[in-house]
2 protein chains.
Amino acid sequence: MGQEVIKEYIHEYVLNASESNARKEMPLTLLAQRVIEIATEHADILGVGFDVMMEDNLAWVLSRMSIEMTRMPRVREKYSITTWIENYNRHYSERNMEIAGGDGEVIGYVRTIWFAIDLNTRAPGDLSKLESLALTESDRPCPIAKQGRLRPISEPTHVGKYRFRYSDIDFNRHVNSVKYMELLLNQWSLEYHETHDVARFEIAYLQETHFDDDVKINIAQVDKTADAEIVSESGVSCRARIVFG
Amino acid sequence: MGQEVIKEYIHEYVLNASESNARKEMPLTLLAQRVIEIATEHADILGVGFDVMMEDNLAWVLSRMSIEMTRMPRVREKYSITTWIENYNRHYSERNMEIAGGDGEVIGYVRTIWFAIDLNTRAPGDLSKLESLALTESDRPCPIAKQGRLRPISEPTHVGKYRFRYSDIDFNRHVNSVKYMELLLNQWSLEYHETHDVARFEIAYLQETHFDDDVKINIAQVDKTADAEIVSESGVSCRARIVFG
C-alpha cells in the first residue's frame, strides 16, 4: 500500500474547561469520542481509513469497548492517548489504547473491537483485503481484562425510555456509538455521578438503531455493578456493564 | 499581565469521519463546540482563561451566538477558525470567528458575546479588572449581521418537551450552551435536516437551567424562518432564530 507502518500512534490533548463535566474532569463520553477519533486517525495513517474503505463500500464500526480508568484527566491537564492493534483477522480488528495524564503517569486503558460493515447490505464486511494490517500488530501489553460476556437482563431495577433524535445520528446514518453510552450514563443522577467514579465501563454493540426509533433502557444494578441494555422494537441494540468505584 | 498580545488566534482542524453527520458534513453543534473551544484557548493565551478567572471566582459564559455558513466543512476536510475580539467593556466581550475551508476559502462567520458570572451569586461579574483586554481589540471585519432582538413566542407551530440529564451539564454545573442548540435542532427530523441547510443560527442565553429541569421547546416557523424558545418552570432559558436555506 506504500504506507509507512506506524505500529503505535500517539495523540496529545489538553482538556479544555468547556469540555469538562461538573467534577471539572473529562466526561467518559468524551474519552470514548477521543478513542474513536484516534482509532480513525491511526486507520488513516495505516491506509485503511474512511476514504479507502469507502472504495469498497465499507465503513468501520465499533463493536465492543472496555474502559478502565484509575482517574480521569482534569481541567487544563495535558493528556495523551496511545493506540495500537493487538490483533487483526479478516473478521475484526482488536485495537487498544493507553491514556497518560499530564505527568506521564498511566491513568487508564481501553480495549476496542472493530468490524467493517458493508454499506449496502449493512452486514459485516470481509477484511481479508486489508491483510497488510497484520504487519501492524504490536505486542505492547494492555493489562485490563478482555471483554466479558454480557447477558440479557431478566429483572431490571430501573427502566428508562428514549426516542433517538437528529443529533444522535452519525455519518453511518445510525445512532452513534457514543450516544448509546451517553444514554446509559444518563440513567443515573448528576449527584450519583459526582460521588461515584466509573471504574470499568464495558459495552457491546449488537444491532443498529436509527432516527426516531423508540428504545427502553433496562438496568439491573447490584451494589456498584450495573448491567444494562438498550432495546428497540427490533431487538437489543447494545449491552453494557458499568462498575462504579 | 506579562502576556503577549495575540489579537488574532487561529486553530486548524480536520473533520474526522467519526465527527460527521449523516450528510458527511460538520454538525452545527460541533461548530459551536469548536467556537467555544477556540474562545477558551484564546482567552488562555490572553491571560484571562479559566484559571485566572477562577481566582476571582468568575467563569466566562456565552451570552449570544450568531452563525452564518455558506457551507459546512466536509468529511476529511481541513478547516480553520480564526478568532478576535471586536469589542470589550466591563460588562461583556464581543468575539468573532471566521471559518475557512480546506482551500482557504471563507465559508462562514460567527459572532459571540460573553459575560462572566460570579460563581457564588450566579450574577454577572465585573470585567473591569481585565482592562488589558481592550488592547486586544481587532478591527478585522465580520460581515454578518449583529444579533437581532429575539421576541417571545405567542403562537407556536410546534411544541416539544425534554428533561435535562447528566450529560447535558457542564463544568459550570448548568446546562451546556451547545446542549440547548442540540435540543432546538432536534425538533426537526433527520430528513428535514438532510434537505435544508441552516443559513443563519442565532441564539440568546437568558437564564441558567439545571439537572432534572423540565423544559418546553416552543417553535414558531413560517416558511424557512423558525423562532424558538426553551422554557423551564422558572422562565425562558434561551431564545433562538433559525433561518433554513
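Up top is the structure these notes are about.
Because the structure is a prediction, the values reported are computed rather than measured.

(A) A look at the sheet that holds strand 1 (residues 8-14) of chain B. All names here are of chain B. The 10 strands lie next to each other as 1-3-4-5-2-7-10-9-8-6, forming an open sheet whose pairing is antiparallel. A single partner strand is all that each edge strand has here, and the edge strands are strand 1 and strand 6 (158-163). Taken over all neighbouring pairs, the strand axes of this sheet differ in orientation by 20 degrees on average, direction set aside. For strand 4 (residues 93-100) and strand 5 (residues 106-118), the ladder comprises eight bridges, and the chain directions are antiparallel. Within strand 5, the position partnered with E98 by the bridge is Y109. Lying on the sheet, helix 1 (residues 28-45) is in contact with strand 1, strand 2 (58-69), strand 3 (78-88), strand 4, strand 5 and strand 7 (198-205); it crosses strand 1 at an angle near 140 degrees. Seen against the sheet, helix 3 (residues 177-185) touches strand 2, strand 6, strand 7, strand 8 (214-222), strand 9 (225-232) and strand 10 (235-244) and runs at an angle of roughly 130 degrees to strand 7.

(B) Representation of the layout of surface pockets within the structure. Estimated volume of the second largest pocket: approximately 950 Å³. Along the wall of the second largest pocket there are 31 residues; nearest its centre are K161 and Y162 of chain A together with K161, Y162 and R163 of chain B. Every element with two or more residues in the lining of the second largest pocket is listed here: strand 6 (158-163) and helix 3 (177-185) of chain A together with strand 6, helix 3 and strand 8 of chain B. Here the lining of the second largest pocket takes six residues from strand 6 of chain A, the largest share from any one element. Class assignment for the residues of the lining of the second largest pocket results in eight nonpolar, 10 polar and 13 charged.

(C) Region of interest: the relation of the copies chain B and chain A. Note on the identical chains: chain B maps onto chain A by a rotation of 180 degrees and an axial translation of 0.0 Å, with an RMSD of 0.0 Å. Such a combination of turn and shift is consistent with a two-fold rotation axis. Judged by C-alpha distance, Y162 of chain B is the residue of chain B that lies nearest the rotation axis, at 5.2 Å. Both copies share a contact surface, since 100% of the interface residues of chain B are interface residues in chain A too.

(D) Representation of the packing of helix 1 of chain B against helix 3 of chain B within the structure. All names here are of chain B. At their nearest, the axes of helix 1 and helix 3 sit 10 Å apart, and the two run at 165 degrees to each other. Classified by the interaxial angle, the pair formed by helix 1 and helix 3 is roughly antiparallel. The handedness of the crossing between helix 1 and helix 3 comes out as right-handed. Side by side, helix 1 and helix 3 meet where L28, T29, A32, Q33 and I36 of the first sit next to S177, V178, M181, E182 and L185 of the second. Looking at side-chain class alone, the contact of helix 1 with helix 3 contains six nonpolar, three polar and one charged residues.

(E) Main features of the pattern of salt bridges. Taken as a whole and judged by the stated rule, the model has 48 salt bridges over all chains. In this structure, the salt-bridge partner of R200 of chain A is E202 of chain A, at a minimum N-O distance of 2.9 Å. With a closest N to O distance of 2.5 Å, R23 of chain B and D197 of chain B form a salt bridge. Taken together, the positions of R23 of chain B in the loop between strand 1 and helix 1 and D197 of chain B in the loop between helix 4 (190-195) and strand 7 put the pair 174 residues apart, joining distant regions of the chain.

(F) Fine view of the packing of aromatic side chains. In total, this model carries 18 aromatic pairs over all chains according to the counting rule given. When the centroid spacing of 5.4 Å and the interplanar angle of 80 degrees are considered together, the rings of Y162 of chain A and F164 of chain A count as edge-to-face. Assessed through its relative accessible area of 23%, Y162 of chain A is described here as partly exposed. Aromatic side chains Y192 of chain B and F244 of chain B sit 4.9 Å apart centroid to centroid with 80 degrees between the ring planes, which places their arrangement in the edge-to-face category. Highlighted residues: Y192 of chain B in helix 4 and F244 of chain B in strand 10, separated in sequence by 52 residues. When sorted by exposure, Y192 of chain B lands in the same class as F244 of chain B, which is buried. Seen from the ring of W84 of chain A, R140 of chain A lies directly overhead, with NZ or CZ sitting 5.0 Å from the centre.

(G) Geometry of empty space enclosed by the protein. Throughout the structure, instances matching the rule amount to one cavity of 30 Å³ or more. Quantified by volume, the largest cavity comes out at close to 40 Å³. Lining the largest cavity are N21, A22, R23, L190, H193 and E194 of chain A together with Y166 and I169 of chain B. For the lining of the largest cavity, the per-class residue count stands at four nonpolar, two polar and two charged.

(H) Representation of helix 3 of chain A. All names here are of chain A. Of all nine residues in helix 3, nine are buried, a share of seventy percent or more. Considered for burial, the residues of helix 3 that qualify are S177, V178, K179, Y180, M181, E182, L183, L184 and L185. Measuring from the side-chain oxygen of the N-cap residue of helix 3 to the backbone nitrogen of V178 gives 3.0 Å; that N-cap residue is N176.

(I) Representation of the nonpolar core. L31, W60, M65 and F201 of chain A together with L31, M65 and F201 of chain B are the most contacted members of the largest nonpolar core, which has 130 residues in total. Not counting chain neighbours up to four residues away, the residues in contact with M65 of chain B comprise A32, V35, V110, R111, T112, Q147, M181, F201, E202, I203 and Y205 of chain B.

(J) Molecular detail of the environment of L150 of chain B. Residues and elements named next belong to chain B. The topology assignment puts L150 in the loop between strand 5 and strand 6. By relative accessible area, which is 11% here, L150 ends up buried. C-alpha separation for the pair L150 and E208, spaced 58 residues apart in sequence, amounts to 17 Å. Ignoring any residue separated from it by four or fewer positions in sequence, one finds L150 in contact with E202, I203, A204, R239, A240 and R241.

Calculation rules
Residues numbered from 1 in each chain as written. Chains lettered and ligands numbered in written order. Predicted model: local features only at pLDDT ≥ 70, side-chain atom pairs only at ≥ 80, totals over all residues. Heavy atoms only, no water. Pairing = 2+ DSSP bridges. Helix = DSSP H or I, 4+ residues; strand = E, 2+ residues; numbered from the N terminus. Axes fitted to C-alpha atoms, helices over the stretch in contact; angles between N-to-C directions. Contact = heavy atoms within 4.5 Å. 1 Å grid on protein atoms, 1.4 Å probe; cavity = no way out; pocket = protein on both sides within 12 Å on 5 of 7 lines; lining within 4 Å. Points joined across faces, edges and corners; volume = space filled by probe spheres on them. Nonpolar A, V, L, I, M, F, W, Y, C, P; charged D, E, K, R; others polar. Least-squares fit on C-alpha atoms with pLDDT ≥ 70 in both. Parallel < 35°, antiparallel > 145°, perpendicular 65-115°, else oblique. Left-handed = near helix turned anticlockwise from the far one by under 90°. Salt bridge = Lys/Arg side-chain N within 4 Å of Asp/Glu carboxyl O. Phe/Tyr/Trp six-rings, centres within 6.5 Å; stacked < 30°, edge-to-face > 60°. Buried < 20%, exposed > 50% of the residue type's maximum accessible area, 1.4 Å probe, protein only. Lys NZ or Arg CZ within 6 Å of the ring centre and 35° of its normal. Polar contact = N/O pair within 3.5 Å; in protein donor to acceptor, adjacent residues only side chain to side chain. Core = buried A, V, L, I, M, F, W, Y, C linked by side-chain atoms within 4.5 Å.

All quantities given are derived from atomic positions and should not be read as evidence of function.
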